[in-house]
Structures are given as structure tokens and as C-alpha cells.
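Examination of the molecular architecture
Residues per chain, in single letters:
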Amino acid sequence: MQIPAPFDYARATSVADALALLERHGPESRIVAGGHSLLPMMKLRLARPEWLIDINDLFELDFILRDGNQLRVGAMTRHTTLLESAEIAGLFPIFADAERVIADPVVRNRGTIGGSLCQGDPAEDLTTVCDVLRGEAVIRGPGGERTLAMSEFHKGPYETAVGQNELLCEIRFPIRPRSGSAYEKVERRVGDWAIVAAGAAVSLADDGTIDDVAIGLTAVGVSGTIAESEAVLRGEKPREDLFVEAGRLAALASNPIADQRGPIEYKRHLSDELTRRVLRSACARAAVSPSPTTQEG
Amino acid sequence: MQISMTVNGSDVTSEIEPRVLLVHYIRDVLRLTGTHWGCDTSNCGTCVVLMDGQPVKSCTVLAAMADGRAITTVEGLATGGTLDPVQQGFMQEHGLQCGFCTPGMMLTSRALLDVNPHPTDTEIREAISGQMCRCTGYATIVRSVQWAADHPQGIHEADETVEMATTDEMDQIHARIADATGEEVGA
Ligand SMILES: Cc1cc2nc3c(=O)[nH]c(=O)nc-3n(C[C@H](O)[C@H](O)[C@H](O)COP(=O)(O)OP(=O)(O)OC[C@H]3O[C@@H](n4cnc5c(N)ncnc54)[C@H](O)[C@@H]3O)c2cc1C
Ligand code: FES
Ligand code: FES
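Residues numbered from 1 in each chain as written. Chains lettered and ligands numbered in written order. Predicted model: local features only at pLDDT ≥ 70, side-chain atom pairs only at ≥ 80, totals over all residues. Heavy atoms only, no water.

What follows concerns the domain arrangement of chain B. Residue and element names in this part refer to chain B. According to the domain assignment, chain B consists of domain 1 (2-76) and domain 2 (85-159). Look at where the C-alpha atoms of domain 1 and domain 2 centre, and you get two points 21 Å apart. Every contact between the two is made by 17 residues of domain 1 and, on the other side, 13 residues of domain 2. The junction of domain 1 with domain 2 conceals about 1100 Å² of combined surface from both sides, 67% of it contributed by carbon and sulfur atoms. Applying the counting rule to domain 1 against domain 2 returns 0 salt bridges. Applying the counting criterion to the domain 1 and domain 2 interface returns 4 residue pairs in polar contact (both at pLDDT 80 or more). Top element by residues in the side of domain 1 that touches domain 2 is strand E3 (residues 48-51). It accounts for 3 residues. (Domains from an automatic or database assignment. Contact = heavy atoms within 4.5 Å. Buried area = accessible area lost by both parts, 1.4 Å probe. Salt bridge = Lys/Arg side-chain N within 4 Å of Asp/Glu carboxyl O. Polar contact = N/O pair within 3.5 Å; in protein donor to acceptor, adjacent residues only side chain to side chain. Helix = DSSP H or I, 4+ residues; strand = E, 2+ residues; numbered from the N terminus.)

Here it is, written out as C-alpha cells:
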């Protein structure tokens, strides 16, 4: 029977209250959001916080909001909400691609985007999604608010820039015209973590060439996006031979380990193949997405 | 710490340790053992209960986190002595064998039908994809949920005849028995 070690529990009533509770209870206090990563770790005694600060009542962090040319997503937004949002599906189809294959519908009812990013599991899917969409993390702490690019947010496996006395509050995504994005994951069985997954986001210039592109891989030891593959595509019209080259370079950049999910060669093969597939579909989606003139304010 | 919540429509208040998981609170403190406890790792789904109407894996929720919420367990599915259509569906279509996965399966199915009264087979399979059944092979579970979708009011004692063979069908059955045995049966 798995039971967490003893701890004390407090439920925060606001962001300010959560920060005050973290401050009051000190370094051994920890935020719990959906609890679907933290509670399993506590059951296994991989985590032993003395205080849990529950932020599930912070509905102020559960929002999806269009704000000019940004989409703002609150840290307490659940996987299910992200999957069901028509606004997100329209702007960033990569979210629906990824959310459909994150865990299972019941787990998705609890897990949050904030918890996923803060957990920083190397096989976690939303990190790649936020990386390629060039999201920014809005973090609040005793010293006020700061905004970090994803590259500064991630510090390595299970490590982020969020301090013990801070709260990730929201993630902001730039909305670009003529853009498209996609995610594809290979898993051993429904609901499992990725063997490998790839994500891509592209935006096209008026002449149809690739203006900007970001490519990311999940679960193969790559941090940030893959500059080598991106360089092949930037300024070019989307073409199959470029996707193939970008895939080859992504496989080279990948750094998988052999484990129960498969050997290194297989994971490299998937890195190559999945990169091609997400580039094809991101470019196809960008080609039919609204241009600036047709886009509403 | 003290927690209060609604369980199957009744208010309950208890003094618990913060580390008590919702599944153990329901089974060991409230003594509602219809909620099963299996893998303990959020994988099998036999511990699923509804929290504010949404299926959650109660082995991965603290009882403290359910403070102030409304919980429905399998014991709360039947109303006024009448089984929920989902429960009737599992009976009609043999949706269970050992029954270990059944409470979780039925609660997720109830939540699905509440938002999607006419799901496709694929939608049913997707909804229960976080739950394991080692007996049925899932086909009869899908049929059970479809039965409930087709009978949103369930069936009551009085109109149970709808499930019985028609007179024509009975005549055909009698004729077949007569053919096979040479004996006249039926009216
Ligand atoms: C069976 C199962 C399968 C899964 N499969 C997948 C999968 O395929 N892909 C995938 O990506 N994920 C998967 N997950 C993980 C799931 O997505 C988790 O819900 C998610 O990783 C964590 O979100 P949470 O809200 O539950 O976070 P919690 O467990 O509550 O928290 C995780 C960590 O983040 C911290 N934290 C949470 N929110 C904040 C905040 N706002 N500010 C600061 N710190 C915070 C906590 O202190 C903790 O350290 C799976 C989980 C389970 C149980
Ligand atoms: S006991 Fe909760 S999912 Fe298996
Ligand atoms: S009926 Fe036995 S596990 Fe489902």
C-alpha cells in the first residue's frame, strides 16, 4: 500500500495567499495542482514535502484568454480544458494533437499545464508544445512578477526556474498569421508516456516561404528546439526533401537512452520519422490558416 | 484536520490525517467498499469516483483535496431503489465478469452519457481508455454503455416485458425445439 509520508495541508484562496503560505511554511512546503505527478512521487517517497499548498481553488489561474496577438493560458488549466478548447484548436492545433495522447481522459481531468511544465519530466509532452510555440512563462514570487522564455524556464530534467517560493501563473503564446503546428507521439500503449514524440510550429511569409520554424523532440534528451533542423527550412518554400533533411538532422541531434521503451536506434529512427511528419502537417496547416488581412482584430 | 464533503448526496464530516487518499477515506472511513482499489498508481481506474460530476482516480486525490466537493461512488448510482440505466446495461449486456473494474467503468460511463447521451463505440472506448478490465475484453462493456444510451430511463419492473421475446419469436423457438426433438412444446 502506497501512502505519502505525513505532511500538513493548506488550501490557498488566492495567488497572494499561496505565495504567503509558501513563505510562511518555508523550504519544505510545496504547491500541489492536479497532484497527478506529485502524489505518485510522494507515495514512493521520492518527494517528502512537509507542507502541501493546494491551489485547486485558484480559479483565477484557470483561463484561456485571447489578448491582442497573444493567447494567455492560466497555469491551472486542466488537460481536458485544453483539449476541448475551440479557441486553442483554431490557433494552435498542436495542443489538441498532444492533449489527445497525454495520459487518459480521467487523468486529464486533473492534470494541469502548470503542473506539467513545473514537473519538467523529460517525457512530458507540453514542454515540447510550449517550446515550439515560443511560449513565455509568467512567474510570480515575493519579488513580484517575471516573464521567462521557455529556454530560460527549463533548467534540465525535473528542474525549472520556478523558485520554491514562487508560482507559475500563466503561459503566453504569440499568435502569428499564416502559421501551423503539429505534434505526433509514438507510445507503447494508449495512455502511456512517449517513446518519442515530435512537435513543430511554422509561420509562412507572404510569398509562401518559411518565415519562422521551431522543432522539438520529447523523451530523447534534447533541451530546447533543434536549431540545425530549423536552419534547413528557414527562408525556403516547404518541400519534402527539406523535411527529410530536417528529420535526419533532428535524429542526429537527439540523445536517447535505451530503456524499457526501446533501444537507441529505434528512438533515433522515430526522431527522424516523426520530425518529417509534424513538419508536413504543420506546413499544410499553415498554408490554409488565415493571412493577416483575413484575420479578425 | 477536519474535512466535509457530500458523498452520494449526504453531508459527511471527518477528522483525518492530510495524507489519507480519497480512495482509503471512502473505503476505510466511510465504509463504502464499492469503490475498488487496485494498482495504486493511477493506471487501472478501478478507484474512479465522480468529483463534482467528473471522473477522477481516487487513489491519486487526497481526501483533503475533496473537502467541500461532491463525491459520487458506485453506491450513489441507483436512485430510490432503481438501478441507474448504466447499471442495468451492465446486467443486460454482461458488462462484467469478476466485477473488479465495474464500479469505475460504470461511473466513467455515467459521466460520459451525462455530456454525450449518444456516444459512438469509439467515444466509449476513448472514455474508458484509462481503465483496465482483465475479463471482458471490453466489447460487452461498450455494449452495456450503448444499452444505457438506448434506454435513458432504464427499464422498470412493470415494463420488463420489452426485453422478453415476442409471441412470434416464441413460436419460432417452439417450432425449432419441435423439429429437433419431435416433441410438441409451448401453447
Ligand atoms: C497514469 C499517468 C499517465 C500520464 N501520462 C502522461 C503523458 O503521456 N504525457 C504527459 O505529458 N504527462 C503524463 N502524465 C502526467 C500528467 O500530465 C500530470 O498531470 C502532469 O505532469 C502534472 O500536472 P499536475 O497538475 O497533476 O501537477 P502536480 O502533480 O500537482 O505538480 C507537479 C509539480 O509541479 C509543481 N507545481 C504544480 N503547479 C505549479 C504552479 N502553478 N507553480 C509552481 N509549481 C507548480 C508541484 O509543486 C510539483 O512539484 C501522466 C500522469 C499519470 C498519473
Ligand atoms: S487504484 Fe487508482 S487507478 Fe488503480
Ligand atoms: S470484469 Fe473482471 S476486471 Fe473487468
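Next comes the rest of the write-up.
Taken together, 34 residues are adjacent to ligand 1, and Ile31(A), Ala33(A), Leu38(A), Thr112(A) and Asp125(A) come closest. Around ligand 1 the close residues trace back to chains A and B. Between an oxygen atom of ligand 1 and a main-chain N or O atom of His36(A), the distance comes to 2.8 Å. A distance of 2.7 Å separates an oxygen atom of ligand 1 from a polar atom in the backbone of Leu38(A). Coverage of ligand 1 by the protein amounts to 95% of the 980 Å² it exposes when considered alone. Looking at the shell around ligand 1, the elements with two or more residues in it are strand E2 (29-32), helix H7 (113-119) and strand E10 (167-174) of chain A. Considering every element that reaches the shell around ligand 1, the biggest residue donor is H7(A), with 5 residues. A breakdown of the residues in the shell around ligand 1 according to their chemical character gives 15 nonpolar, 14 polar and 5 charged. (Near = heavy atom within 4 Å. Areas by Shrake-Rupley, 256 points an atom, 1.4 Å probe, with all protein chains shown as cover. Nonpolar A, V, L, I, M, F, W, Y, C, P; charged D, E, K, R; others polar.)

What the domain assignment reports for chain A is domain 1 (8-54), domain 2 (64-174) and domain 3 (179-292). Computed over C-alpha atoms only, the centres of domain 1 of chain A and domain 3 of chain A are separated by 36 Å.

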